[in-house]
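Report on the structure
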Amino acid sequence: MAVLSKIRQRSALMIAVIALALFAFLIGDLFQSGTFSSTSKDVGSINGKDISFEDFRLKVSEVEKSGQGITPTAAANRVWEQEVSVALLTSEFDKLGLRVGEKHIIEILKADQNIGQNPMFQNAAGMFDLAKFKDYFKANPAQAEYLKQREKDAVLNAKYQIYSTLVQSASYTTKAEGKLKYRMEADKANFSYVGALFSSIKDSEVKVTDAEILEYMKKNEKRYKAEESRSVEYVLIEDKPSAADVAEVKARVNALLTGSVVYNQATAKNDTLAGFRTAANVIEFVNSNSDIPYDSTYVAKKDLPAVDADRLFNLAPGEVYGPYVYGDYYCISKSLGKKLGVNAKASHILISYEGAQVPNQREKRTKEEAKAKAEEVLAQVNANPESFMMLAFQYSDDSSAQQGGDLGYFGPNQMVKPFNDFVFSSSIGKIGLVETNFGFHIIKVTDKQDGIRLATVAQKLEASEATSDEIFAKATQFEMDAADKDFNKLAKDMKLKVAPAVSVKAMDETFGSLGNQRNIIRWAFEDGTKVGSVKRFEVANLGNVIATVKNIDDSGFAPIDQVRPFVETKLKNAKKAELLKAKMNGSSLEAIAKATGSKVEQAVNVTLDNPVLNGGVGQEPRVVGNAFALAANKISAPIEGNTGVYVVKTTSIVKAPAVKDISPYVVKVKAQSAGDVNRVLPALKDIADIKDNRKLFNY
């Protein structure tokens, strides 16, 4: 079973393309409730092919169980993207009739080091042995079943490799394209122009309505397509302690500093109880009176509460400090003494070898070769300690090489024993060589931190039961009143703040600054929830959220308020262009410049490849393109550019001499299409008929 366990740790043998894992998941459980809010049995469909809810939830459950700490909704979103991608690509594979053989599948499986580099599957020369691999799974039927699933994944990946190669091979760059590239870089235009800039008209002089933005989005539908959304406003009534609650905790903690007298019913006498200052057993006192148990750890100054760190760290043994506030707690602390070197900081250079427990070796070497190399590097470090960082960059097999070998601060026993023992037994500046299971380490101790042990009584500042009842009553009253009153006016009357509206989609989890509030989003998309609907939610460690739906957008486009910052300027410039064109009358550039309050500018040696106009105007490809197309001394019609409206008069076009070898320019053009394969999947999604019913299911 050890082999299977190792293989499962690296189950994704996927190629890192299109940022998607193209593999199927195994069996599990998706939804927390396991129930439907719809009679539908399909979670969606792709080009008419249904995705059953049952299969979908099993795959999502497997993602949840992957140990990545992923939420059910995030898992569902990930699996949905994978289902869509796999379905669309598989359809393309089938259309092309792609087939893969055993050799290709084996090569995919071997890409996993737990298979390809597993000693159980290698021959005496350390090479992958297909016969051993097959024999192992023949002798282990249970694991052979698992291998069948892995082979399915490998088939999919192998087909994708072929498909990617076909797409890349189909992208061909001709000599004519290379010649055009050369001309765009080398041909030069000289022309005069007048530019009436959009900035010459104030934004306040042109208005853009929501209707105009929506019309623009409709004309550019693919660019602005979006899932339906809800805009939700809310008020938060925090479940926090009142002034009286804080005063009570403060008084209680203060009282612990000194002794108290209590009546002992058993003896019918008063007993004097020691306070924190004089308690004989400080640990017992803390555990009896604190909401946080006693912690015997020595704490470095940097890890103490920032505001009180100096005072706390410099306490003499037995001295008490406080009360003070730390987060949600009211505290008093007593020093139980300091300890030198509780944390250490070190840098190292790791020289690993074949068989060592290290993931990224710079070069293959035996243990003996690694030791010799480590001793060589150690000699260099000892000769020039200042070279440690550069030598780590150059030689270290550990990921810390990028930081010059710096491991930061760490406490005792956080590192493997030989490493730990060297660092904590050595003084600052000491350099040495240590062997561990990871390889040979050249270590430099760079710093140490002293620590203090504190006995701290911490009592939480929280709402009392009476305060929580008042908060609950207030929140409930607001919820009931908001059902038939103006939400914002009611909040103002009750001295509550309405948070800015949050725009959410059906499968979102994050709800504005409140973080993951899936239950609020789910409610916003329920069938019975309409504009103006109100509901109260109790949020753990926060309080009561009373939410109302401000707007429902099922237009299929992104919300206008989100699009406006990107579209408004474009539409305003289009309106400004018409105003500027109307002014650009005249038979000469000088007359047009006078009419627009501009001046005649000169453009010298401008190319199509870099169509930049002087004077900080920036790139104006349409203007430069017109200049190349104009006959000499002809004046163009007004040209709407990126920054304004232009009129040009071409002086001359300087043609570059012909070149014999056009291949460097062919290479340049070809490089521009190198990533075309990454555009395939988005293109397939654009033309696909995808129905997403995930929001109909409770989870």
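These remarks concern the structure in this document. Since the structure is predicted, the reported quantities are computational estimates derived from the model, not experimental observations. (Residues numbered from 1 in each chain as written. Predicted model: local features only at pLDDT ≥ 70, side-chain atom pairs only at ≥ 80, totals over all residues. Heavy atoms only, no water.)

**A closer look at the overall build of the protein chain**
Helix and strand counts for the protein chain stand at 24 helices and 21 strands. Its C-alpha radius of gyration of 36 Å places the protein chain more than 25% over the 27 Å reference for a compact globule of 699 residues. When burial is assessed residue by residue, the protein chain has 41% of its 699 residues classed as buried. Excluding contacts between residues fewer than 6 apart, the proportion of contacts in the protein chain whose partners are at least 24 apart in sequence is 68%. When the accessible surface of the protein chain is split by element, carbon and sulfur atoms take 51% of a total near 38400 Å². Computed over 91 positive and 87 negative side-chain charges, the separation of the two mean positions in the protein chain equals 6 Å. (Helix = DSSP H or I, 4+ residues; strand = E, 2+ residues; numbered from the N terminus. Rg over C-alpha atoms; globule rule 2.2 N^0.38 Å. Buried < 20%, exposed > 50% of the residue type's maximum accessible area, 1.4 Å probe, protein only. Contact = heavy atoms within 4.5 Å. Areas by Shrake-Rupley, 256 points an atom, 1.4 Å probe, with all protein chains shown as cover. Lys, Arg positive; Asp, Glu negative; His and termini not counted. Charge placed at Lys NZ, Arg CZ, Asp CG, Glu CD.)

**A closer look at the side chain of Thr596**
With respect to the element layout, Thr596 can be found in helix α21 (residues 589-596). The exposure class of Thr596 is buried, given its relative accessible area of 19%.

**Here we look at the packing of aromatic side chains**
One pass over the structure, following the stated rule, counts 21 aromatic pairs. For the pair Phe133 and Phe137, a centre-to-centre distance of 5.1 Å together with 65° between the ring planes defines the contact as edge-to-face. With Phe133 and Phe137 both in helix α6 (residues 130-138) and four residues apart, this pair spans about one turn of that helix. Looking at Phe133, the relative accessible area reads 3%, which means it is buried. Since its relative accessible area comes to 7%, Phe137 is described here as buried. The interplanar angle of 35° and the centroid separation of 5.6 Å between the aromatic rings of Phe276 and Phe285 together place this pair among those described as tilted. (Phe/Tyr/Trp six-rings, centres within 6.5 Å; stacked < 30°, edge-to-face > 60°.)

**A closer look at the sheet that holds strand β2 (residues 49-52)**
Taken together, the three strands give an open sheet; going across it, the order is β2-β1-β21, and neighbouring strands pair in antiparallel fashion. The open sheet has two edge strands, β2 and β21 (690-692), and neither has a second partner. Taken over all neighbouring pairs, the strand axes of this sheet differ in orientation by 20° on average, direction set aside. Relative to β21, strand β1 (residues 42-46) is paired through three bridges, and the arrangement is antiparallel. By the bridge assignment for β21, Ser45 is matched with Lys691. (Pairing = 2+ DSSP bridges. Axes fitted to C-alpha atoms, helices over the stretch in contact; angles between N-to-C directions.)

**A look at the environment of Asp153**
Structurally, Asp153 is set in helix α7 (residues 141-170). Since its relative accessible area comes to 7%, Asp153 is described here as buried. Expressed as a C-alpha distance, the spacing of Asp153 and Ser231, which sit 78 residues apart in the sequence, is 41 Å.

**Re the sheet that holds strand β19 (residues 639-640)**
The four strands are arranged β16-β3-β20-β19 in an open sheet whose pairing can be described as antiparallel. Looking at the sheet topology across the chains shown, the edges are occupied by β16 (600-606) and β19. Pairing between strand β3 (residues 188-197) and β16: five bridges, direction antiparallel. Opposite Ala189, over in β16, you have Val606 as the bridge partner.

**Structural notes on unusual backbone geometry**
Residues Gly322 and Pro323 are joined by a peptide bond in cis, for which omega reads 5°. Tracing the backbone shows Pro323 in strand β8 (residues 320-326). Phi is positive for Asn47, close to 50°, though the residue is something other than glycine. With respect to the helices and strands, Asn47 occurs in the loop between β1 and β2. Phi is positive for Asn633, close to 65°, though the residue is something other than glycine.

**Thoughts on α21**
When α21 is considered as a whole, its buried residues turn out to be Leu589, Ile592, Ala593 and Thr596. Seen end-on, α21 carries its buried residues on one side only, within an arc spanning 100°. In α21, the exposed residues that point more than 90 degrees away from the buried face are Glu590 and Lys594. Buried residues along α21 sit in contact with β3, α20 (560-583), β16 and β20 (644-654). Gly597, located one to two residues past α21, shows a positive phi value of around 70°. (Arc of directions from axis to C-beta.)

**A short note on the side chain of Asp129**
Structurally, the position occupied by Asp129 is in the loop between α5 (113-116) and α6. Despite its burial, Asp129 remains without a salt bridge, the nearest opposite charge being carried by Lys132 at 5.4 Å. Polar side-chain contacts of Asp129 include one of 3.0 Å to the backbone nitrogen of Ala131. Apart from the residues within four sequence positions on either side, Asp129 is in contact with Phe121, Gln122 and Asn123. (Salt bridge = Lys/Arg side-chain N within 4 Å of Asp/Glu carboxyl O. Polar contact = N/O pair within 3.5 Å; in protein donor to acceptor, adjacent residues only side chain to side chain.)

**Remarks on the pattern of salt bridges**
Close approach of charged atoms allows side chains of opposite charge to pair. Taken as a whole and assessed by the stated rule, the structure comprises 34 salt bridges. One salt bridge in this structure joins Arg230 and Glu228, with 3.1 Å as the shortest N-O distance. For Arg230, a relative accessible area of 8% translates into the label buried. By relative accessible area, which is 24% here, Glu228 ends up partly exposed. One salt bridge in this structure joins Lys302 and Asp303, with 3.0 Å as the shortest N-O distance. Using a relative accessible area of 42% as the deciding quantity, one classes Asp303 as partly exposed. Through salt bridges that share partners, Lys181, Glu185, Asp609 and Lys668 make up one connected network.

**What about the pairing of β3?**
With eight of its ten residues buried, β3 lies for the most part within the structure. Direction of pairing for β3 relative to β20: antiparallel, over a ladder of ten bridges. Within β20, the position partnered with Asn190 by the bridge is Ser652.

**Some points on the packing of helix α3 (residues 72-96) against α7**
Here α3 crosses α7 at 70°, and the two axes come no closer than 11 Å. Considering the angle they form, α3 stands roughly perpendicular to α7. Considering only the axes of α3 and α7, their crossing is left-handed. On the side of α3, the interface is formed by Val86, Leu89, Thr90, Glu92, Phe93 and Leu96, while α7 contributes Leu156, Lys159, Tyr160, Tyr163 and Leu166. (Parallel < 35°, antiparallel > 145°, perpendicular 65-115°, else oblique. Left-handed = near helix turned anticlockwise from the far one by under 90°.)

**Thoughts on the nonpolar core**
One finds Phe56, Leu88, Leu89, Phe93 and Tyr163 to be the most contacted residues of the largest nonpolar core, which totals 27 residues. Within the residue set of this core, elements represented by two or more residues are β1, α2 (53-64), α3, α7 and α24 (680-687). When residues in this core are grouped by element, the largest group, eight residues, is from α3. (Core = buried A, V, L, I, M, F, W, Y, C linked by side-chain atoms within 4.5 Å.)

Keep in mind these numbers describe shape, not what the thing actually does.
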